[in-house]
Amino acid sequence: MNPHRLIVSAVVATGSSVVTYAAPFELPSLPYGYDALEPFIGKTTLLTHHLKHHAKYVATANTLIESGSALLKNLSQEQIMTAVSSGVELHTENVGLFNNVAQSWNHNFYWHSMKPGGGGKPRGLLADKIEKDFGSYDKLMGEIEKAAMTTFGSGWAWLGFDKKSQKLVVTKTTGAGNPLTDGITPMLTIDVWEHAYYLDYQERRQNYVNAFFAELVNWDFAESNFIAATANDTGETEEL
Amino acid sequence: MTTAATKSIIAPALRAASVHVRSSVLPASISKSCAAHLSSVPPGGKATLPDLPYDYAALSPVISAETMELHHTKHHNAYVTNLNIALEKLDSAVSAGDVSSIIGLQGALKFNGGGHLNHALFWENLCAKGSVAFPTSGPLKDCIAARFGDVDNMKKEMSALCVGVQGSGWGWLGYDAKTGRIEIRTCPNQDPLEATTGLVPLLGIDVWEHAYYVDYRNVRPNYVNAIWDVINWTKVEERLVAAK
């Protein structure tokens, strides 16, 4: 399959503008410098979070895939997550495989969900859809903050697009969970594992969540994911 | 008896008495029964944040004072606060016969109740480095030898389990009253050991990131290896004896 078709099919299949190829996976770079999100997320946090936590997930995923079935070696991260959650036999330790592949994917998605000078409100097509499905930006914020604050233990809060209902939804997942396995295409995510905020905020998750939405969230990324998710096969965006 | 009197007179007296009741002077069955009545939740059902048996700096350098203070005054305290909120709501729901709400509260009760129980046990099975050696004889040594060969082997297996916990959870050494053996187990999030597995908790190791992130960052294995230096083996043995 030529690389161009692979990219197009992955984008259409997942509706995401973040595409991952097959193993061995590389640790993707941060889209900005390690100090670019200061003072809201510190340089030490990003260094540790990216080069220790994210890097370890990627390395472990590659190791597990290496020792698994041949089928695994041709799948993208999204395909692996979907396969494991549908019970496909992959001849490896499936829980560990899912956790490490999903966490590799989740963290890359998280880096892109933020940008220096981010925050504020969404615009354009996504803003219109938010009004339509939630009533207002404030109502969306209420839901997503609640999801982020009520994830007990380690997990993620997501804004996603449900293909079945054709609506935007807020979901939360625990551990390495990803809404793709429920047929929901992620638009953006916030990491609420303690390692994401402990050095900067200690136990004060609320302050971290507030800073994320006020100063860091990358609505452009969310909008590009929304456009990709609602594009049909000819690449045109459907009216919703 | 007014609530104020209960708080200022009875509760502290009960707590003081509980120290003696849990001593080895009384027969085990009586001691256990009294301890249950004198538990950390005083009459009226409100949980309280227990004091640490040592200063915040006592476990340094294995666990820093900064971590101990955050862990105790912020994390454990939040579980206590939220447990009390859930217990109040439970009271109302029970009084109203609102079964749906009673069931709806189970998540909050397990999480915050478990968080309170787990941390209360945790503080007590820690002590300053060098202050308590592993016993050279006695029931704890014998039980560990029977199950693991020796304490080093037990530490190795339990450390591996603790390091392997995905996300948030706890590692436990527990006593199985049915088989008379000790086991090692992990529980996710704040799931309490006894309520969810039937094992009596002897020794807990908190592997939530907040327990070690300030001191060890992402390197959980270093934290788990180091914490063996600050385990209060006397307390672990007391719990074993009380459970048998």
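Residues numbered from 1 in each chain as written. Chains lettered and ligands numbered in written order. Predicted model: local features only at pLDDT ≥ 70, side-chain atom pairs only at ≥ 80, totals over all residues. Heavy atoms only, no water.

Q: Give me the environment of valine 58 of chain A: which residues, what numbers.
A: Residues and elements named next belong to chain A. Mapping valine 58 onto the fold places it in helix 2 (residues 43–66). When the C-alpha positions of valine 58 and histidine 107 are compared, they lie 10.0 Å apart, and in sequence the two are 49 residues distant. Setting aside chain neighbours within four positions, we find valine 58 in contact with Phe25, Glu26, Leu27 and Ser104. (Helix = DSSP H or I, 4+ residues; strand = E, 2+ residues; numbered from the N terminus. Contact = heavy atoms within 4.5 Å.)

Q: Could you give an account of the UniProt feature "domain: Manganese/iron superoxide dismutase N-terminal" (unreviewed entry) in chain B, naming the residues involved and the relevant values?
A: In the numbering used here, UniProt assigns the feature "domain: Manganese/iron superoxide dismutase N-terminal" (unreviewed entry) to residues 48–126 of chain B. End C-alpha to end C-alpha, residues 48–126 of chain B measures 20 Å, and it is 72% helix and 0% strand. (UniProt positions renumbered as here; feature names shortened; annotations may be inferred.)

Q: Please set out the interface of chain A and chain B residue by residue, giving values where relevant.
A: Taken residue by residue, the interface counts 15 residues in chain A and 15 residues in chain B. With both chains or domains summed, chain A and chain B bury close to 1600 Å², and 60% of this area falls on carbon and sulfur atoms. Summed over the three residues of chain A that lose the most area to chain B, namely Phe152, Glu194 and Tyr198 of chain A, the buried surface amounts to 35% of that side. Applying the counting rule to chain A against chain B returns six residue pairs in polar contact (both at pLDDT 80 or more). Elements with a contribution of two residues or more to the side of chain A that touches chain B: helix 2 and helix 7 (198–201) of chain A. The class makeup of the residues in the side of chain A that touches chain B is four nonpolar, eight polar and three charged. (Buried area = accessible area lost by both parts, 1.4 Å probe. Polar contact = N/O pair within 3.5 Å; in protein donor to acceptor, adjacent residues only side chain to side chain. Nonpolar A, V, L, I, M, F, W, Y, C, P; charged D, E, K, R; others polar.)

Q: Tell me about the UniProt feature "binding site: Mn(2+)" (unreviewed entry) in chain B, residues and numbers included.
A: All names here are of chain B. UniProt's feature table lists "binding site: Mn(2+)" (unreviewed entry) at His71, His119, Asp206 and His210, given in the numbering used throughout. Spanning 140 residues, the named residues form one tight spatial group whose C-alpha atoms are at most 12.4 Å apart. Position of histidine 71 relative to the elements: it lies in helix 3 (residues 65–96). The residues touching histidine 71, leaving out its near neighbours within four places in the chain, are His76, His119, Phe122, Trp123, Asp206, His210 and Ala211. For histidine 210, the location among the structural elements is in the loop between strand 3 (200–206) and helix 9 (213–216).

Q: Before we move on, can you summarise the state of the cysteines with the specific residues and values?
A: Within the structure shown, the criterion is met by zero disulfides over all chains. Free of any disulfide, cysteine 143 of chain B has its nearest cysteine sulfur in cysteine 162 of chain B, 19 Å distant. (Disulfide = S-S within 2.5 Å.)

Q: Can you break down the pairing of strand 2 (residues 167–174) of chain A residue by residue, with the values?
A: By the bridge criterion, eight bridges tie strand 1 (residues 155–162) of chain A to strand 2 of chain A in an arrangement that is antiparallel. Among the inter-strand pairings, aspartate 162 of chain A is bridged to a residue of strand 2 of chain A, identified as lysine 167 of chain A. (Pairing = 2+ DSSP bridges.)

Q: So, the nonpolar core: which residues are in play, and what are the values?
A: Considering soluble globular proteins, one finds that nonpolar side chains tend to be buried as a cluster. Residues Leu159, Tyr208 and Trp219 of chain A are the most contacted members of the largest nonpolar core, which totals 66 residues. The element best represented in this core is helix 4 (residues 94–112) of chain A, accounting for eight residues. Discounting chain neighbours no more than four positions away, the residues touching tyrosine 208 of chain A are Ile41, Tyr110, Ile190, Asp191, Val192, Ala196, Tyr197 and Tyr201 of chain A. Of all hydrophobic cores here, the second largest spans 49 residues; its members include Trp172, Cys187, Leu203 and Tyr216 of chain B. (Core = buried A, V, L, I, M, F, W, Y, C linked by side-chain atoms within 4.5 Å. Buried < 20%, exposed > 50% of the residue type's maximum accessible area, 1.4 Å probe, protein only.)

Q: Got a sec to walk through the packing of aromatic side chains? Specific residues and values, please.
A: A complete count under the given rule lists 22 aromatic pairs over all chains for this structure. Their ring planes at 25° and their centres at 5.2 Å tell us that tyrosine 197 of chain A and tyrosine 208 of chain A sit as a pair that is stacked. You can see tyrosine 197 of chain A sitting in the loop between strand 3 (184–191) and helix 7 and its partner tyrosine 208 of chain A sitting in helix 8 (residues 205–216), a full 11 residues away along the chain. Assigned by exposure class, tyrosine 197 of chain A and tyrosine 208 of chain A land together as buried. Grouping aromatic residues by their ring pairs yields a cluster made of Trp105, Phe109, Tyr110, Trp111, Trp156, Trp158, Phe212, Phe213 and Phe221 of chain A. Here the guanidinium or amino end of arginine 147 of chain B rests over the ring plane of phenylalanine 148 of chain B, the centre of that ring lying 4.9 Å away. (Phe/Tyr/Trp six-rings, centres within 6.5 Å; stacked < 30°, edge-to-face > 60°. Lys NZ or Arg CZ within 6 Å of the ring centre and 35° of its normal.)

Q: Can you lay out the sheet that holds strand 1 of chain A for me, pointing to particular residues and giving the numbers?
A: All names here are of chain A. In space, the three strands of this open sheet follow the order 2-1-3, with antiparallel pairing throughout. Where the open sheet ends on each side, the last strands, each with one partner, are strand 2 and strand 3. With strand direction ignored, the average angle separating the axes of adjacent strands in the sheet is 25°. Lying on the sheet, helix 9 (residues 219–230) is in contact with strand 1, strand 2 and strand 3; it crosses strand 3 at an angle near 165°. (Axes fitted to C-alpha atoms, helices over the stretch in contact; angles between N-to-C directions.)

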